[in-house]
Amino acid sequence: MGRARTIARRSFLIGSAAILGGVAFGAYFVTRPTPNPLLNGLAEGEAALTPFVKITSQGITLIVPRADVGQGIASTQAMLIAEELDIDPAMATLDPGQPHQAYFNAAVAAESVPFPAWDHGFVASTVRDLMGHVARLTSSQFTGGSSSVADLHETLRLAGATARETLKAAAAARTGIPRSEMRTEGGHVVLPDGNRIPYTDLAAEAAAIDPVTDVTLRPASEWTRLGKPYQRLDIIAKSTGTQDYGIDVVLPGMLHATVRANPGRGGAMAGYNADAALAMQGVRSVVEVNEGLAVIADNTWFAFKAAEALEVDWLPPDYPASSAEMWQALANARTDAFRNSRLRNDGDIEVALNGATVIEAEYRAPFLAHAALEPLSATVLVDAERVQIWTATQIPAVVRDAAAALTGLDPSQVTLHVLPAGGSFGRRLDHDYVVQAIQIAATMPGTPIKTTWSREEDMTHDYPRPLHMAVGRGAVGNGRVLAYDLDTISPSLISSWFGRIFIVPPGPDTMLVWGGYDQPYAIPNYRVTGYAAPPMVPIGSWRSPGACSNSFFHESFLSELIHAAGADPLEERLRLIADADSRRVLEAVGQMSNWAGADIGPGRGRGIAFAHTHGVPVAMVIDVTMTDRGIRIDEVWIAADCGTVFDPVNAEAQLTGAAIFGLGHAMNCELTYENHAVQQTNFDVFEGMRLHQTPRFHTRLLGLAARVRGLGEPATAPAAPALADAIFAATGQRLREMPFSKSVDFA
Amino acid sequence: MDLTINGTSHSVDLPDDMPLLWALRDGLNFSSVKYGCGIAQCGACTVHIDGQAVRSCQVALADVWGEITTIEGLGTPDALHAIQAAWIDHQVAQCGYCQSGQILQAADLLARNPAPTDDDIDAAMSGNLCRCGTYPRIRAAIHSAASAMREA
C-alpha cells in the first residue's frame with residue numbers, strides 16, 4: 001500500500017506540471033492524477049519512479065511513448081529524461097510502453113481549436129488548455145501533429161528530475177548524509193567523499209520512500225546534452241542493418257499472410273473463388289477480412305502470388321468513380337450549403353472588391369499517397385487468454401481497443417509491442433492493417449502470423465491526402481495588397497479520419513482550413529472560407545494535413561497579388577505581418593539568401609513563401625535555373641522558429657526532410673482514380689523526390705519563440721508555393737495545379 | 001539450393017523462381033534486406049552479388065550467379081565499414097528503412113569510382129528512393145567515405 005500511495009503522489013506531480021497555467025472549469029476532475037501503468041507487473045525490488053522511468057537492479061528503462069516513425073523522437077524523448085536524470089541514455093533500454101492515459105497527448109488536441117497558433121490571447125489559450133484536458137480524459141495517446149516535443153518536453157524532464165532527486169533521497173536515507181550534499185553523475189549518486197552508488201543499487205530503497213516533489217528544472221545554460229549536437233540513439237543500428245522494424249518480426253512457427261482488398265476502397269465483395277489460390281505452393285488458407293480476402297502461406301512471396309490468383313467479384317463503393325467526377329463534385333460544393341467555416345473575416349471583403357479590378361485564380365492539389373517505404377505490416381498471435389501484436393503504429397490505444405473488441409478479450413489482455421516504423425507521414429494514424437492482421441491471426445489461434453501488404457496494396461488502399469481546390473479573389477492598389485478572399489474546398493478530413501478512429505468532434509473542420517485562415521497577415525479586407533465537399537474516397541492525415549494544400553493556395557495567391565501590386569514579395573509580407581516570431585524568420589531568410597528581389601538573372605528565378613503551421617513560422621526562399629533538361633532547383637534557404645531546440649542535428653534533418661517531401665510531391669506526384677481504383681500503384685509512377693533532383697539546403701532555427709514546438713511537419717507547407725513562385729520568376733508561368741510536372745519539365 | 005551469404009554457406013529449399021529478396025527475408029531471416037516495391041524502383045532490397053549492387057527483388061533464386069553480400073557482410077556495429085562510419089558521422093538515417101540499400105549502392109559506386117563528383121553520385125544513387133528525404137546527408141556521407149577510403 002505504501003508504494004501505491006507513493007506512486008500516486010509522483011504521478012500527481014507529473015500531472016500538475018503538465019497543466020501549469022491550467023483552467024478554472026472542471027479543475028478538480030481533470031487535474032486528478034492518472035494511474036501509473038508501470039505499477040502493474042513490478043517485481044520486488046523494482047521501482048517505477050514515474051510513468052517514464054523504471055529502474056531495476058538490472059538496469060534503467062526509459063518509457064518513450066511517442067512513436068518513432070523516422071523523425072527521431074525516441075531519441076529526443078530519452079535525451080529529455082536523461083538530461084535531468086544524469087544518465088547516458090545509450091546505456092538505458094528504451095521502451096515505447098503500453099498504451100495508457102498517462103501518456104495522453106494534450107498538444108495535438110490543443111492545436112485543433114479554431115484559433116491560430118500565433119494567437120496567444122486569453123480566450124485562445126484557455127480553450128487550448130481545455131482541449132488538452134479533453135484529450136487526457138479520452139486517453140488519446142497519439143503521435144502526430146508535430147506535437148511530441150511540445151507536449152512532453154517539460155513532463156519528461158520533470159520525470160528525470162523527480163527520479164534523480166528521489167534516488168538521492170534514498171542514498172541519503174541509507175548513508176545518513178543530507179541529500180543536499182549529494183550529486184549525481186552517469187547513473188550514480190555521488191557522495192561527498194567521492195563514493196558512487198549506482199541507481200540500480202538504490203531502486204528498492206527509492207521505491208519505499210516518499211518521492212521528492214520540490215524539483216526545479218535545470219536552466220538551458222546548465223544542459224550537458226540538450227541543445228547540443230548528439231548522436232541519435234538508433235543511428236548505429238540504422239547504419240548497419242541491425243534495426244528491426246515492424247515488418248521484420250520473426251517468431252517461432254510464424255506464418256505469412258497478405259491481403260487483397262477491393263480496389264474501390266470501401267466497396268463490398270459479392271463473391272469469390274479461391275480454388276486456384278488454394279492449389280498453389282505454400283498456401284495454407286484463404287480467409288475473409290475487412291475490405292476483402294487474405295491468404296495465409298509459408299512465405300510472403302507465396303502469399304503475394306496466391307493473392308493475385310484469387311478471383312473476386314467486387315462491388316463498387318458509393319462515391320464518384322473517377323478523378324474528373326471528384327473534381328466536379330468539389331467545384332459544385334463551393335456554395336452556402338457546404339460552407340463549413342469562416343474563421344477569418346477581417347474588414348469587409350465584398351465592399352473592398354466591389355468596383356475594384358478583381359484578380360481571380362483557381363488552384364488544385366491532388367490526392368497523394370503516404371507511401372512510406374516500409375509497407376504496412378503487423379504480426380499477431382491470438383490465443384484464448386491473450387492477444388499479442390507487433391507493429392508500428394501512432395495510435396496504440398486505438399489498436400489495443402480494436403484488438404479487444406475483435407477478440408472479445410479485455411483490453412488488459414492485449415499486449416502491444418510497438419516497433420519502429422520505416423516511415424509513416426501520417427499513414428499509421430490509421431489501424432486498418434492491424435485490424436486485418438488480427439482477423440487473420442484469429443483464424444489460427446496459437447500460430448503467430450505476419451501480415452504484409454504488397455506495395456500495390458499499400459498504394460491502392462492508402463487513406464490519401466484529400467483532393468483540394470481553392471479560388472482566390474483579391475484587389476491591390478497603391479503598391480499594396482488591399483483585399484484577399486480565399487474559398488478552400490475539400491472533403492472533410494476530420495469527418496473521414498476521426499470518424500474511423502475516434503468520434504467526429506463538433507464544430508468546424510479546422511484541418512480543412514489549416515494553412516489558410518490561420519496565417520498572421522493583417523490584410524485590411526481578408527476572408528477565408530472553408531467548404532466541406534461530400535465524402536469521396538476515405539482520406540487521411542498526410543504530413544502537414546490541410547496546410548500542405550492550403551499553404552500552396554494561400555501563398556501562391558498572395559504572390560499573385562503582390563506581383564500585381566508591383567511590390568517586393570519579401571517586403572510586402574513583412575509589411576503585412578505584425579507577429580514578431582513570423583517577421584524574424586522572414587528577415588532571417590532574406591539575410592541568408594541575400595534577398596534582392598525575384599530577378600536573379602536570365603534563365604533563373606527566385607521564389608519565396610511563408611507558412612505558420614503547427615505553431616512554427618517558416619520562411620523559405622528557392623532558386624531555380626532553366627536547363628536544357630528542364631527546371632533545376634539549385635538552392636533552398638529555410639528559416640524557422642520552433643522555440644528551444646533540444647536536438648539540433650535532428651531538427652535540421654526534419655526541416656530539410658519536410659521540405660524535400662513537400663517539393664518532391666509538388667513536382668512529381670498525384671493519385672488519380674478510374675473505376676474507383678487508384679491508377680498509381682508503385683514507385684515507377686509515384687516517385688517523390690530522388691537524389692538527382694535534390695537541391696542544396698541552408699537552414700537556420702532562430703530559437704527565439706516563447707513556445708516550444710515540433711518540426712516534423714512545418715517545413716512541408718511552404719515548399720510548394722516557394723517553388724511555384726521561383727518558377728514564375730524564371731518563366732513567367734504561374735503554376736496553379738500540383739503536380740507541377742503536368743505543366744513543366746524538371747531536370 | 002546453396003547460397004553463399006557474407007562468406008557463409010546456407011541451404012534453402014525454395015522454388016527456383018522465388019525472388020532472392022524473399023528467400024533472404026522469409027527463408028533465411030536476413031531482415032536487413034528490405035521489401036519496398038518489388039519492381040526495382042526503390043533499391044531497399046539491394047545486395048551485392050560478386051561485389052556488384054543488384055536489386056534482390058529482381059533476381060530469381062535459380063539465377064544467383066555468385067556470392068551474396070548483405071549489409072552485415074560490409075560491416076557490423078563493432079567493426080564498421082568506412083561508409084557506415086560516414087553514415088553515422090553525418091547522421092544520415094531518419095526512418096532508416098532504405099539505408100542498408102543506400103549504403104550497399106554507395107559501396108558499389110566507391111569500388112568503381114573512388115572520387116565521385118556530385119553528378120557521379122546523382123547518377124549512381126538515384127535508383128535508391130528515400131521517402132524521408134535524407135539525400136543531402138547521403139551526398140555528404142559519400143564524399144566523406146570516399147576521402148576516408150582513399151586515405152586508408
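Residues numbered from 1 in each chain as written. Chains lettered and ligands numbered in written order. Predicted model: local features only at pLDDT ≥ 70, side-chain atom pairs only at ≥ 80, totals over all residues. Heavy atoms only, no water.

J.: Which residues make up the sheet that holds strand β7 (residues 196-198) of chain A, and what values go with them?
T.: All names here are of chain A. Spatial ordering of the open sheet is given by β5-β6-β7, a layout of 3 strands whose pairing is antiparallel. The two strands at the open ends of the sheet, each matched to only one other strand, are β5 (183-185) and β7. In this sheet, adjacent strand axes meet at a mean angle of 30° when their direction is disregarded. Note that strand β6 (residues 188-190) and β7 share 3 bridges and pair antiparallel. Bridge pairing in β7 places H188 opposite P198. (Pairing = 2+ DSSP bridges. Helix = DSSP H or I, 4+ residues; strand = E, 2+ residues; numbered from the N terminus. Axes fitted to C-alpha atoms, helices over the stretch in contact; angles between N-to-C directions.)

J.: I'd love a proper account of the interface of chain B and chain A, names of residues and values included.
T.: At the interface, 54 residues of chain B touch 63 residues of chain A. Of the roughly 4,600 Å² buried where chain B meets chain A, counting both sides, 57% is carbon and sulfur surface. The largest contributions to the chain B side of the interface with chain A come from Q91, Q94 and R131 of chain B, which together make up 17% of the buried area. Viewed at the interface, chain A and chain B are joined by 4 salt bridges. Across the salt bridge formed by R137 of chain B and E652 of chain A, the nearest N and O atoms sit 2.7 Å from each other. Applying the counting criterion to the chain B and chain A interface returns 32 residue pairs in polar contact (both at pLDDT 80 or more). Contributions of two or more residues to the side of chain B that touches chain A are made by α1 (20-27), α2 (71-74), α3 (82-89), α4 (99-112), α5 (118-125) and α6 (135-151) of chain B. The dominant element in the side of chain B that touches chain A, judged by the number of residues it contributes, is α6 of chain B, at 5 residues. Looking at the side of chain B that touches chain A residue by residue, the classes come out as 28 nonpolar, 17 polar and 9 charged. (Contact = heavy atoms within 4.5 Å. Buried area = accessible area lost by both parts, 1.4 Å probe. Salt bridge = Lys/Arg side-chain N within 4 Å of Asp/Glu carboxyl O. Polar contact = N/O pair within 3.5 Å; in protein donor to acceptor, adjacent residues only side chain to side chain. Nonpolar A, V, L, I, M, F, W, Y, C, P; charged D, E, K, R; others polar.)

J.: Talk me through the side chain of Q243 of chain A; I want residue IDs and the actual numbers.
T.: As for its position among the elements, Q243 of chain A is in the loop between α8 (235-239) and β8 (255-261). Those residues in contact with Q243 of chain A, other than ones at most four positions away along the chain, are D234, A237, K238, D248 and P420 of chain A together with K34 of chain B.

J.: Account for α1 of chain B, naming residues and giving values.
T.: Most of α1 of chain B is tucked away: 7 of the 8 residues are buried. Among the structural elements, β8, α10 (300-309) and β18 (449-452) of chain A together with β1 (2-5), β3 (46-49) and β5 (68-69) of chain B are those in contact with the buried residues of α1 of chain B. N29 of chain B sits one or two positions beyond α1 of chain B and adopts a positive phi of about 60°. (Buried < 20%, exposed > 50% of the residue type's maximum accessible area, 1.4 Å probe, protein only.)

J.: Can you lay out helix α11 (residues 323-332) of chain A for me, pointing to particular residues and giving the numbers?
T.: Residues and elements named next belong to chain A. For α11, the full list of buried residues reads S323, M326, W327 and L330. Burial along α11 is one-sided: seen end-on, the buried residues are contained in an arc of 100°. Close packing links the buried residues of α11 with β14 (359-365), β19 (468-477), β20 (480-491), β21 (525-533) and β25 (673-674). (Arc of directions from axis to C-beta.)

J.: Go over the packing of helix α21 (residues 648-668) of chain A against helix α22 (residues 719-731) of chain A with me, naming the residues and quoting the values.
T.: Residue and element names in this part refer to chain A. Running from amino to carboxyl end, α21 crosses α22 at an angle of 55°, the nearest separation of the two axes being 8 Å. Here α22 runs oblique to α21, going by the angle between their axes. Our pair here, α21 against α22, has a crossing hand that is right-handed. Contact residues: A659, G662, L663, A666 and M667 in α21; A719, A720 and L723 in α22. (Parallel < 35°, antiparallel > 145°, perpendicular 65-115°, else oblique. Left-handed = near helix turned anticlockwise from the far one by under 90°.)

J.: A description of the domain arrangement of chain B should follow, citing residues and the corresponding values.
T.: All names here are of chain B. Once the domains are mapped, chain B shows domain 1 (2-70) and domain 2 (82-151). Domain 1 and domain 2 are separated by 21 Å when their C-alpha centres are compared. Between domain 1 and domain 2, the residue contacts involve 16 residues of the former and 10 residues of the latter. Summed over both partners, the interface of domain 1 with domain 2 comes to about 1,000 Å²; 51% of that surface belongs to carbon and sulfur atoms. Applying the counting rule to domain 1 against domain 2 returns 0 salt bridges. Along the contact surface separating domain 1 from domain 2 lie 7 residue pairs in polar contact (both at pLDDT 80 or more). Looking at the side of domain 1 that touches domain 2, the elements that each hand over two or more residues are β3 and β4 (52-55). Residue composition of the side of domain 1 that touches domain 2, by class: 5 nonpolar, 9 polar and 2 charged. (Domains from an automatic or database assignment.)

J.: Describe the nonpolar core, listing the residues and the values that go with them.
T.: Nonpolar side chains in soluble globular proteins tend to be buried together. Residue and element names in this part refer to chain A. In terms of nonpolar packing, the biggest core is built from 153 residues, with I622, L663, L723 and F740 touching the most fellow members. A per-element tally of this core places α21 first, with 9 residues. With sequence-adjacent residues up to four places away left out, I622 is seen in contact with G605, R606, G607, I633, E635, V636, L663, A719, A722, L723 and A726. I63, V64, L80 and I197 belong to the second-largest nonpolar core, a separate cluster that totals 39 residues. (Core = buried A, V, L, I, M, F, W, Y, C linked by side-chain atoms within 4.5 Å.)

J.: So what about the sheet that holds strand β27 (residues 696-701) of chain A? Which residues, and what values?
T.: Two pairing modes exist for strands in a sheet, parallel and antiparallel, and in both the strands are linked by backbone hydrogen bonds. All names here are of chain A. Strand order in the open sheet formed by 4 strands is β22-β23-β24-β27, and the pairing between neighbours is mixed. Each of the sheet's edge strands pairs with one partner strand only, and the pair in question is β22 (604-613) and β27. Strand-to-strand, the axes of this sheet are offset by a mean angle of 20°, without reference to chain direction. Relative to β27, strand β24 (residues 630-640) runs parallel, the two sharing 6 bridges. Bridge assignment links I638 to a residue of β27, and that residue is T699.

J.: Describe the pairing of β24 of chain A, with residues and values.
T.: All names here are of chain A. Among the 11 residues in β24, 10 count as buried, and that is most of the element. By the bridge criterion, 10 bridges tie strand β23 (residues 616-627) to β24 in an arrangement that is antiparallel. In the sheet register, M620 faces β24, and the bridge partner there is I638. In this structure, the hairpin formed by β23 and β24 is closed by a connection of 2 residues.

J.: Explain the environment of E72 of chain B to me, using residue names and the numbers behind them.
T.: In this structure, E72 of chain B sits in helix α2. The residues touching E72 of chain B, leaving out its near neighbours within four places in the chain, are G241 of chain A together with N6, F30 and S32 of chain B. In this structure the side chain of E72 of chain B is engaged in a polar contact, spanning 2.9 Å, whose partner is the side chain of S32 of chain B. At 2.5 Å, the side chain of E72 of chain B forms a polar contact with the side chain of T70 of chain B.

J.: Go over unusual backbone geometry with me, naming the residues and quoting the values.
T.: Residues and elements named next belong to chain A. Following M738, the chain continues into P739 via a peptide bond in cis, with omega recorded as -5°. Positionally, P739 belongs in the segment after α22. The residue H676 is not glycine, and still its phi comes out positive at about 70°. With respect to the helices and strands, the residue H676 is situated in the loop between β25 and β26 (677-678). Among the residues examined, H676 registers a relative accessible area of 10% and is labelled buried.

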